[in-house]
Amino acid sequence: MSRKIFQAVVILTAGGFIFHGVTRGEVAIIFQKAARICMECIGLG
Amino acid sequence: MKIFRRRLIQLAAFGFTNAQVLNLASGKIYKGELKNFCAPGLNCYSCPAASFSCPIGAMQAVAATSGFNFGFYAAGIILAFGILFGRAVCGFLCPFGFFQELLHKIPTPKKILWRPLMYAKYFVLAVFVLILPLTLTNYAGVGLPAFCQYICPAGTLEGSLPLLATRPELRQVVGSLFAWKFFILVVVIFGSVIFYRFFCRVLCPLGAIYGLLNRISFYRLTVDENLCINCGRCKKICGMNVDPVRQNDSAECIRCGECAAACPKKAIAINFSTSLEKRDDCLE
């Protein structure tokens, strides 16, 4: 498979992933996590 | 000139990703709309200065949530940046990569990294980012953000230290986990002083993903074999220990451009151009 086909596949996959993630509400989960102190992330949890 | 330009871009990316610097004094976490988006590089979203979410943290946060299993949104953003820029994200946009480069400027004897260590980051990606957040759950069924919790030194540097300095109530929960993470941070700092971009090459799961995409990314390194005189200067100057002539698609190449600047014949190009590709296609 040529490089251009791989590039197209990855672009489509990336777009599909972002769309799927947005539509099932992942952005809200990420925002909730990112807008507070993540105690585990900083080694305090 | 190109190297100076890269420094400026790194500085701008560092500032843009951590634009909420005033929050450092109070230890408040930015809660604005920008946190809905993931930055392309490693930057802890628990840092008071952070404007964006960390893509690895975001992936784990979703994977650890009951009923979700995999963070498609963050993975899509990583793939999009990866296919466009490959590991140029590490070389130009990652704040933690920039931090390591500054550390490496401290004048001490420098060493070359043992090559097999570079494969550790693929293990970290598979086990700590993808598998453990899914499989290890607590009493409430919430998964474990294993990379953030046990490995990520950016979280300790950008999250815990400023927060512990400004919020005394957090100091009461400092325990063995913090001690472990602080130890990792110290190892990474000393490692980065001695080895160029120690964390990027050994432990970073983002570097692993972008490295895999280096082979097919639009932004790429090409060598004109008609101009190359095999002098070896490019290989000698490369901090990532890549030989651009033989491994122009190497997963370790961060597209920093040091090799292109060192080439006496200007045989190395790093850009979105496909002129050499087109020429090769014509020859085929």
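Computed from a predicted structure; not experimentally measured.

**Student:** Which residues make up unusual backbone geometry, and what values do they have?
**Tutor:** All names here are of chain B. For Asn69, which is not glycine, the phi dihedral falls at a positive 70°. The topology assignment puts Asn69 in the loop between α3 (55–63) and α4 (72–85). At Asn230, a residue that is not glycine, the phi angle is positive and equals roughly 55°. Note that Asn230 resides in the loop between β1 (220–223) and α13 (233–237).

**Student:** Which residues make up the interface of chain B and chain A, and what are the values?
**Tutor:** Counting from both sides, the interface comprises 51 residues of chain B and, opposite them, 32 residues of chain A. Surface buried jointly by chain B and chain A totals about 3500 Å² across both partners, of which 72% is contributed by carbon and sulfur atoms. Considering only the surface of chain B that becomes buried against chain A, Phe72(B), Tyr73(B) and Ile216(B) emerge as the three largest contributors, covering 19% of it. Between chain B and chain A we count 1 salt bridge in total.

**Student:** Describe the pattern of salt bridges, listing the residues and the values that go with them.
**Tutor:** Considering all chains together, one arrives at 10 salt bridges over all chains under this definition. Put simply, Arg24(A) and Glu26(A) hold a salt bridge, and the shortest N to O gap is 2.7 Å. The partly exposed category is assigned to Arg24(A), whose relative accessible area is 24%. For Glu26(A), a relative accessible area of 0% translates into the label buried. By sharing partners, the salt bridges in this structure join Arg6(B), Arg7(B), Glu101(B) and Arg197(B) into a single network.

**Student:** Tell me about the domain arrangement of chain B, and name the residues and values.
**Tutor:** A common way to express how large an interface is: the accessible area buried when the components associate. All names here are of chain B. Per the domain assignment, the segments of chain B are domain 1 (2–212) and domain 2 (220–283). One C-alpha centre belongs to domain 1, the other to domain 2, and the line joining them spans 29 Å. Taken together, the contact between domain 1 and domain 2 spans 20 residues of the former and 14 residues of the latter. Between domain 1 and domain 2 we count 2 salt bridges in total. For Glu252, the salt bridge identified is with Arg87, shortest N-O distance 3.4 Å. Taken together, the links from domain 1 to domain 2 amount to 4 residue pairs in polar contact (both at pLDDT 80 or more).

**Student:** Can you lay out the packing of aromatic side chains for me, pointing to particular residues and giving the numbers?
**Tutor:** Residue and element names in this part refer to chain B. With the rule as written, the count across this model stands at 15 aromatic pairs over all chains. With 5.3 Å between their ring centres and 50° between their planes, Phe16 and Phe52 make a pair best called tilted. Taken as a pair, Phe16 in helix α1 (residues 2–17) and Phe52 in the loop between α2 (23–26) and α3 lie far apart in primary sequence, 36 residues in all. An aromatic cluster of at least three residues, connected via ring pairs, comprises Phe81, Phe85, Tyr219 and Phe272.

**Student:** Which residues make up the pairing of strand β2 (residues 268–271) of chain B, and what values go with them?
**Tutor:** Residue and element names in this part refer to chain B. Side chains Ile268 and Ile270 of β2 all project onto a buried face; the interleaved residues Ala269 and Asn271 project onto a face where none is buried. Inspection of the sheet shows β1 paired to β2 by 4 bridges, in the antiparallel sense. Along β2, the bridge assignment pairs Thr222 with Ala269.

Analysis parameters
Residues numbered from 1 in each chain as written. Chains lettered and ligands numbered in written order. Predicted model: local features only at pLDDT ≥ 70, side-chain atom pairs only at ≥ 80, totals over all residues. Heavy atoms only, no water. Helix = DSSP H or I, 4+ residues; strand = E, 2+ residues; numbered from the N terminus. Contact = heavy atoms within 4.5 Å. Buried area = accessible area lost by both parts, 1.4 Å probe. Salt bridge = Lys/Arg side-chain N within 4 Å of Asp/Glu carboxyl O. Buried < 20%, exposed > 50% of the residue type's maximum accessible area, 1.4 Å probe, protein only. Domains from an automatic or database assignment. Polar contact = N/O pair within 3.5 Å; in protein donor to acceptor, adjacent residues only side chain to side chain. Phe/Tyr/Trp six-rings, centres within 6.5 Å; stacked < 30°, edge-to-face > 60°. Pairing = 2+ DSSP bridges.

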